[in-house]
Amino acid sequence: FVLDELAKKGYHEVLMVPISFISDHVEILYDIDIVYRKHAQSIGITAFRRTESLNASPKFIEALAQIVREHLIR
């Protein structure tokens, strides 16, 4: 488990970046925000944070729309 290895190496601050997820759902809201955070605290990681998900970010939606438009034109 990566958190355990980081704690063993003396890290006390961790920023989780779930790159395979673009929106909030159960794996983020429960597994990371609750289960992983609780585990991190129990092994001495005092600052456990997660990057914000893209969700309905206007820039993200525009990027997706642009990709669709480019593929529709072909």
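Scroll up to find the structure.
Predicted, not measured: the structure shown is a model, and the values here were computed from it.

J.: Residues and numbers for a nonpolar patch on the surface, please.
T.: Together, Val-26, Tyr-30, Ile-34 and Val-35 make up an exposed nonpolar region whose accessible area comes to about 360 Å². Relative to the helices and strands, Val-26 is located in helix α2 (residues 26-42).

J.: Quick one: what's the story with α2, residue by residue and with numbers?
T.: Considering bend angle alone, the principal kink of α2 is centred on Ile-32 and spans about 30°. Burial in α2 covers these residues: Ile-28, Ile-32, Asp-33 and Ala-40. Buried residues along α2 sit against α1 (2-8), β1 (13-16) and β2 (47-50). Two residues or fewer after α2 comes Gly-44, characterised by a positive phi angle close to 100°.

J.: So, the packing of aromatic side chains: which residues are in play, and what are the values?
T.: Considering all chains together, one arrives at one aromatic pair under this definition. Relative to Tyr-36, the ring of Phe-1 lies with its centre 5.5 Å away and its plane at 80°, an arrangement referred to as edge-to-face. Of this pair, Phe-1 sits in the segment before α1 while Tyr-36 sits in helix α2, and the two are 35 residues apart along the sequence. Tyr-36 gets classed as partly exposed once you look at its relative accessible area, which sits at 29%.

J.: So what about the pattern of salt bridges? Which residues, and what values?
T.: Per the stated rule, a full pass over the model turns up four salt bridges. Between Asp-24 and Arg-50 there is a salt bridge, and its shortest N-O distance comes to 3.6 Å. With Asp-24 in the loop between β1 and α2 and Arg-50 in strand β2, this pair connects stretches of sequence that are 26 residues apart. Looking at Asp-24, the relative accessible area reads 32%, which means it is partly exposed. Each member of the salt-bridge network shares a partner with another, and the members are Asp-24, Asp-33 and Arg-50.

J.: Please give an account of the pairing of β2 that cites residues and values.
T.: In terms of strand pairing, β1 meets β2 through four bridges, oriented parallel. Looking across to β2, one finds that Met-16 is bridged to Arg-50. A crossover connection joins β1 to the parallel β2 through α2; in handedness this β-α-β unit is right-handed.

J.: Break down the nonpolar core for me, with residues and values.
T.: Counting residues in hydrophobic clusters, the biggest one holds nine residues: Leu-3, Ala-7, Val-14, Met-16, Ile-28, Ile-32, Ala-40, Ile-45 and Phe-48. Taken together, the elements giving at least two residues each to this core come down to α1, β1 and α2. The element that contributes the greatest number of residues to this core is α2, accounting for three residues.

About the criteria used
Residues numbered from 1 in each chain as written. Predicted model: local features only at pLDDT ≥ 70, side-chain atom pairs only at ≥ 80, totals over all residues. Heavy atoms only, no water. Patch = residues over 30% accessible without salt bridge, like charges linked within 9 Å, V, L, I, M, F, W, Y side chains within 5 Å. Areas by Shrake-Rupley, 256 points an atom, 1.4 Å probe, with all protein chains shown as cover. Salt bridge = Lys/Arg side-chain N within 4 Å of Asp/Glu carboxyl O. Helix = DSSP H or I, 4+ residues; strand = E, 2+ residues; numbered from the N terminus. Bend = angle between axes of the 7 residues up to and from the residue. Buried < 20%, exposed > 50% of the residue type's maximum accessible area, 1.4 Å probe, protein only. Contact = heavy atoms within 4.5 Å. Phe/Tyr/Trp six-rings, centres within 6.5 Å; stacked < 30°, edge-to-face > 60°. Pairing = 2+ DSSP bridges. Right-handed = clockwise from strand over helix to strand, strands pointing away. Core = buried A, V, L, I, M, F, W, Y, C linked by side-chain atoms within 4.5 Å.

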